[in-house]
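In case you want the letters, here they are:
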Amino acid sequence: PELAGSDRGHTDAPFVEHLREIGKFASVDTSVYRWSAAVEVDDLVGRTGTYSDHIRLPAERSDGLLDAIRTVVDQRGGSVTVHYRTYTIFARTPE
């Protein structure tokens, strides 16, 4: 329940709109690059423990969550493929 309200969405719209509104750029474009990486269980558990919505959990909940992740990933061979998105904004100055 503590994670239910977490916002995992992302939008560059406010930043892009601001760059367009200030009028200093000839064009403002965005792109999203999708990529994947195999992540070992220790790295996954270590990273997961740094996410702000997990840090806010009470210690016993956080420990339980991280233990559960470790158990599931270990049962599936010790690593998982994690899918990422890299968001970019390209703002070009006039020539």
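What counts as what
Residues numbered from 1 in each chain as written. Predicted model: local features only at pLDDT ≥ 70, side-chain atom pairs only at ≥ 80, totals over all residues. Heavy atoms only, no water. Helix = DSSP H or I, 4+ residues; strand = E, 2+ residues; numbered from the N terminus. Buried < 20%, exposed > 50% of the residue type's maximum accessible area, 1.4 Å probe, protein only. Areas by Shrake-Rupley, 256 points an atom, 1.4 Å probe, with all protein chains shown as cover. Contact = heavy atoms within 4.5 Å. Salt bridge = Lys/Arg side-chain N within 4 Å of Asp/Glu carboxyl O. Core = buried A, V, L, I, M, F, W, Y, C linked by side-chain atoms within 4.5 Å. Axes fitted to C-alpha atoms, helices over the stretch in contact; angles between N-to-C directions. Parallel < 35°, antiparallel > 145°, perpendicular 65-115°, else oblique. Left-handed = near helix turned anticlockwise from the far one by under 90°. Nonpolar A, V, L, I, M, F, W, Y, C, P; charged D, E, K, R; others polar.

Draft legend 1. Expanded view of the overall build of the protein. Secondary structure assignment for the protein yields 4 helices and 2 strands. For the protein, the proportion of its 95 residues judged to be buried stands at 18%. Total accessible area computed for the protein in this model is approximately 7100 Å², and 52% of it derives from carbon and sulfur atoms.

Draft legend 2. Spatial organisation of the side chain of S62. Assignment of secondary structure puts S62 in helix α4 (residues 59-75). Beyond its immediate chain neighbours, meaning those up to four positions away, S62 contacts H54 and L57.

Draft legend 3. Representation of the pattern of salt bridges in the model. By the definition in use, this model includes 2 salt bridges. Here D29 ties to R92 by a salt bridge, and the two come within 3.2 Å at their closest N and O atoms. Taken together, the positions of D29 in strand β1 (residues 27-40) and R92 in strand β2 (residues 79-92) put the pair 63 residues apart, joining distant regions of the chain. Owing to a relative accessible area of 35%, D29 belongs among the partly exposed residues under this scheme. You can call R92 partly exposed: its relative accessible area is 45%. The partner of R70 in a salt bridge is D42, and the shortest N-O contact between them spans 2.7 Å. Linking R70 in helix α4 with D42 in helix α2 (residues 41-48), this pair joins segments that are 28 residues apart in sequence. Residue class for R70 comes out partly exposed when judged on its relative accessible area of 28%.

Draft legend 4. Fine view of the nonpolar core. V39, V41, L44, V45, L66, V73 and V82 form the largest nonpolar core, which has 7 residues in total. Elements with a minimum of two residues in this core: α2 and α4. Broken down by element, this core gets its largest block of residues, 3 residues, from α2. Ignoring anything within four residues of it in the chain, the contact list for V39 reads L44, R47, G78, S79, V80, V82 and Y84.

Draft legend 5. The arrangement of the packing of α2 against α4 in detail. The N-to-C vectors of α2 and α4 enclose an angle of 155 degrees; their axes lie 10 Å apart at closest approach. Viewed along their axes, α2 and α4 adopt a mutual orientation that is roughly antiparallel. Judged by the sense of rotation from one axis to the other, the crossing of α2 with α4 is right-handed. Contact residues: V41, D42, L44, V45 and T48 in α2; L66, I69, R70, V73 and D74 in α4. Tallied by class, the residues present in the contact of α2 with α4 amount to 6 nonpolar, 1 polar and 3 charged.

Draft legend 6. Main features of the environment of P94. Relative to the elements of secondary structure, P94 occurs in the segment after β2. On a C-alpha basis, the gap between P94 and A26 in space is 4.9 Å, while along the polypeptide they are 68 residues apart. Not counting residues within four places of it along the chain, the set of residues in contact with P94 comprises K24, F25 and A26.

In short, the description is geometric, and any link to function would need to be established separately.
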